[in-house]
Amino acid sequence: MNPRVLFVGRTRYRLPLGPGLARKWDALSELMEVRVVASGAGRDPRFHLVPPRPLDGPSFYTALPWVVAVELRSFRPDVVIAESVFEAAAVEVAVRLARSRALVVAEVHGDWRVWSSHYGSRARTLLRPASNAVAAFGVDHADAHRAVSGFTASMLESRGRTPVGVFTTYSDLTAFGEPLVPVPEEPCVLFVGVLERYKNVEGLAAAWRLVAKAVPGAELHLVGQGTLTEVAEGLSRAGASWDRRLEPPELARALDEARALVLPSASEGLPRVAIEAFARGRAVIGTRAGGIPDIVENEVNGLLIEFGDAAGLAHAIERIVTDHELAVRLGAAAGDASARWVSTPEEYAGRVRAVVDATMAKGRR
């Protein structure tokens with residue numbers, strides 16, 4: 001008999017699922033009985049979706065323990081997999097409310113320490129003591145843990161928790177699987193990400209001013225939206241192109257038109273956009289922060305600089321936009337490395353099932 005597994009996360013879904021997500025959840029449903037608590041709208045018997053509301057984030061997390069408690073009583077899962085340590089904390093409360101014997105797996109996709117300091121309003125920094133306490137509760141009370149990278153695994157190990165699985169989350173890369181095209185002659189680089197402080201878009205803007213002065217023909221293409229819209233607007237006025245959102249096929253074309261992806265983040269778990277860049281045979285200019293060095297090897301498939309070093313970032317971008325052979329060499333190695341980070345829905349489901357089996361074998365801590 002397959003185990004019953006409840007997945008809990010902040011992910012927003014629109015049902016019915018698109019083809020990529022459908023393949024993921026169908027593969028998981030082959031190996032376990034699946035129920036999902038998340039945000040969004042639409043109908044699917046496997047999904048219990050909390051509709052978006054005013055103050056959506058706070059209202060979602062406030063209601064989450066009670067929503068999960070209802071599922072614990074009705075679905076009676078063997079294991080609950082929480083999408084982050086914050087959801088894990090809510091699930092632990094729900095387990096107590098429902099007097100459930102379900103085991104809890106806390107997934108770590110990124111650095112929980114930057115949640116209050118690098119997202120949204122700067123006033124959010126005031127929440128740091130509370131958010132760190134909630135995260136610690138989620139980590140310390142979970143029965144097992146799964147990390148997405150060596151970096152996130154090291155965060156768990158720093159708290160004395162060894163993950164039962166370390167693997168990246170499944171991503172539908174169908175749109176990035178077309179035959180590769182040559183690295184362009186045009187001196188263009190691409191940034192893709194939310195316009196938030198943890199993506200260091202202000203540092204990118206400072207670096208780009210140096211690049212534009214040193215290499216007048218260089219081009220920057222921005223893709224993203226968020227609270228730092230004014231930074232993108234300023235770059236756009238200075239000549240950069242800016243799209244608030246691109247669908248996967250459009251993003252694949254944007255990568256094809258660039259010599260490299262720029263990823264100047266303060267922290268990342270394991271950046272999906274870097275995997276997408278590798279899949280298109282494009283190098284990554286990134287920081288030595290979070291999980292970026294887990295995928296990017298300096299001078300092999302990309303260039304690494306220290307976080308906060310605008311001059312160093314500018315120099316790395318200048319190298320790429322002025323040295324086509326360098327961009328080609330690094331891009332070829334990136335393409336060769338991409339297979340390591342790609343999995344089929346069935347492979348991903350098998351790894352999740354292994355985490356569930358290991359958690360059930362360990363039992364409650």
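Just above, that's the structure.
Residues numbered from 1 in each chain as written. Predicted model: local features only at pLDDT ≥ 70, side-chain atom pairs only at ≥ 80, totals over all residues. Heavy atoms only, no water.

S.K.: A description of the pairing of strand β6 (residues 144–147) should follow, citing residues and the corresponding values.
M.R.: On β6, burial covers both faces: Ala144 and Arg146 on one face and His145 and Ala147 on the other are all buried. Across four bridges, strand β5 (residues 103–108) lies against β6 in parallel orientation. Bridge assignment links Glu107 to a residue of β6, and that residue is Arg146. Judged from the two bridges that link them, β6 and strand β7 (residues 165–166) form a sheet pairing that is parallel. Residue pairing in the sheet places Arg146 in a bridge with Gly165 of β7. (Buried < 20%, exposed > 50% of the residue type's maximum accessible area, 1.4 Å probe, protein only. Helix = DSSP H or I, 4+ residues; strand = E, 2+ residues; numbered from the N terminus. Pairing = 2+ DSSP bridges.)

S.K.: Give me the sheet that holds strand β8 (residues 188–192): which residues, what numbers.
M.R.: Strand order in this open sheet of six strands is β10-β9-β8-β11-β12-β13, and the pairing throughout is parallel. Bordering the open sheet on either side are β10 (241–243) and β13 (302–305), each of which pairs with just one other strand. Direction aside, the axes of adjacent strands within the sheet are offset by 20° on average. Bridging between strand β12 (residues 283–287) and β13 involves four bridges; their strand directions are parallel. Paired with Gly286 across the bridge in β13 is Leu304. Its contacts with the sheet place helix α9 (residues 272–279) against β8, β11 (260–263) and β12, and it is angled at close to 170° to β11. Of the strands in this sheet, β8, β11, β12 and β13 are in contact with helix α11 (residues 310–322), which crosses β13 at around 165°. (Axes fitted to C-alpha atoms, helices over the stretch in contact; angles between N-to-C directions. Contact = heavy atoms within 4.5 Å.)

S.K.: Give a description of the sheet that holds β5 that names residues and reports values.
M.R.: In sheet architecture, strand pairing relies on hydrogen bonds along the backbone and comes in two forms, parallel and antiparallel. Ordered by their spatial adjacency, seven strands build an open sheet running β3-β2-β1-β4-β5-β6-β7, and the pairing between neighbours is parallel. Where the open sheet ends on each side, the last strands, each with one partner, are β3 (47–50) and β7. By the bridge criterion, four bridges tie strand β1 (residues 4–14) to strand β4 (residues 79–82) in an arrangement that is parallel. Bridge pairing links Leu6 to Val80 in β4. In this fold helix α3 (residues 85–98) packs onto β1, β4 and β5, with an angle of close to 165° to the strand it touches most, β5.

S.K.: Which residues make up the environment of Leu156, and what values do they have?
M.R.: By the secondary structure assignment, Leu156 is in helix α5 (residues 150–158). Under the relative-accessibility criterion, Leu156 is labelled buried at 0%. C-alpha separation for the pair Leu156 and Asp26, spaced 130 residues apart in sequence, amounts to 30 Å. Sequence-distant contacts of Leu156, that is, excluding residues within four places in its chain, are made with Val108, Val139, His145, Ala147, Arg161 and Pro163.

S.K.: Requested: an account of the packing of α11 against helix α12 (residues 324–337), with residues and values cited.
M.R.: Here α11 crosses α12 at 100°, and the two axes come no closer than 5 Å. As the angle between them shows, α11 and α12 are arranged roughly perpendicular. Between α11 and α12, the contacting residues are Arg319, Ile320 and Thr322 on the first element and His324, Leu326, Ala327 and Leu330 on the second. Tallied by class, the residues present in the contact of α11 with α12 amount to four nonpolar, two polar and one charged. (Parallel < 35°, antiparallel > 145°, perpendicular 65-115°, else oblique. Nonpolar A, V, L, I, M, F, W, Y, C, P; charged D, E, K, R; others polar.)

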